[in-house]
Amino acid sequence: MTGTERAGFGLVLGGGGARGLAHIGVWKVLEDAHLRPGVVAGTSMGALIGAFIAAGYRGDDLERLAAQVSWRRLLDWRPGGSLLRVSALEAWLAQHLPPTFEELPIPLAVTATDMLTGRAVYLSRGDLYTALRATTAYPGALEPVPLRDMLLADGGILNQLPVDAALFLGAKRVVAVDVTAPGALELHERRVLLWRRGTSLGPVQALRRAVEVMQAQLTDARLSLYRPDVLLRPVLGDLDLMSFHRRAQAVQAGIDATLSELPQLRALGLMGVEPPALSPGTPSG
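A short tour of the structure in this document, coming up. Just so it is clear, the model here is predicted, and its values are computed rather than measured.

So, the pairing of strand E4 (residues 119-123)
Looking at chain direction, strand E3 (residues 108-114) and E4 are connected through five bridges and run antiparallel. Along E4, the bridge assignment pairs Ala-112 with Val-121. What sits between E3 and E4 in their antiparallel hairpin is a turn of four residues, with Gly-118 showing a positive phi close to 75°.

In structure tokens:
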């Protein structure tokens, strides 16, 4: 990826399953304030919503689309049936997004993890659908996605909040939205209570929790290296990876977090670009 000078700021959207629906609320406020990014970067759910923003979807359209789709059918990160979910996801993407990065009005970068080399990968050219499948391939639930000489899985394994990707795309200022689940210490009392009752988390929940703890620690470490100009952290409480039925709560959390930082966002003098709007359900290109 080669950096190019772009007008506007970089918008970085982190992964987090249903928690990532907060990005819709963030986008609604930014759009109303005429703060539209020149580049977008994202991981997992953040990459998916970021692709729609880069394609020109407005906040209200995204909110309606999120209400209509069965997220559990598209992104059901429980073991089994992955081929069916992959097929459903690709068909849905083809209804709403162009097939390549190059056809997006706003440059987009998404992250993935190469399971063969253990390295983070940044995707910003070529097949958009494959890239979105790769960045959402949650460990232990969806099979990694082959691409050239790589085997790609969820970008959040190594880079949950890719501020660096926006910088690579040429952004001079960055607004990042972190929806990573709380770290282990914040859940200490709850875990002790479960242990005293003799309750098990179960293998699937334990795997998901292990990934969340890892992601929270890595995200804090990476933010010490790549600091955004504004970091938004919507208050999502116990809303977890699969809480898609609490969509409205997630969206509102994104709205609240962005409104609280709106004076700072405006003070930065962020320049925006006006993306052309698409109608949900109509592919471009």
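Now that the structure is up, let's keep going.
Thoughts on the nonpolar core
One broad trend across soluble globular proteins is that nonpolar side chains are buried collectively. Ranked by internal contacts, the top residues of the largest apolar core, which has 70 residues, are Leu-11, Trp-71, Trp-92, Leu-97, Leu-108, Leu-123 and Leu-132. Sort the elements by how many residues they give to this core and helix H2 (residues 45-55) lands first, with nine residues. The residues touching Leu-108, leaving out its near neighbours within four places in the chain, are Val-40, Gly-50, Ala-51, Ala-54, Phe-101, Leu-123, Ser-124, Leu-128 and Leu-169. Counting 13 residues, the second largest nonpolar core, distinct from the first, contains Val-39, Ala-41, Leu-169 and Val-174.

Topic: unusual backbone geometry
Of note, the phi angle at His-34 is positive, near 60°, even though the residue is not glycine. With respect to the element layout, His-34 can be found in the loop between helix H1 (22-32) and strand E2 (39-42). Its identity is not glycine, yet Ser-44 carries a phi of approximately 55°, on the positive side. You can see Ser-44 is positioned in the loop between E2 and H2.

Quick notes on helix H3 (residues 59-68)
Within H3, burial applies to Gly-59, Asp-61, Leu-62, Leu-65 and Ala-66. Mapping the buried residues of H3 onto a view down its axis gives an arc of 155°, with all of them on the same face.

Calculation criteria
- Residues numbered from 1 in each chain as written.
- Predicted model: local features only at pLDDT ≥ 70, side-chain atom pairs only at ≥ 80, totals over all residues.
- Heavy atoms only, no water.
- Pairing = 2+ DSSP bridges.
- Helix = DSSP H or I, 4+ residues; strand = E, 2+ residues; numbered from the N terminus.
- Core = buried A, V, L, I, M, F, W, Y, C linked by side-chain atoms within 4.5 Å.
- Buried < 20%, exposed > 50% of the residue type's maximum accessible area, 1.4 Å probe, protein only.
- Contact = heavy atoms within 4.5 Å.
- Arc of directions from axis to C-beta.

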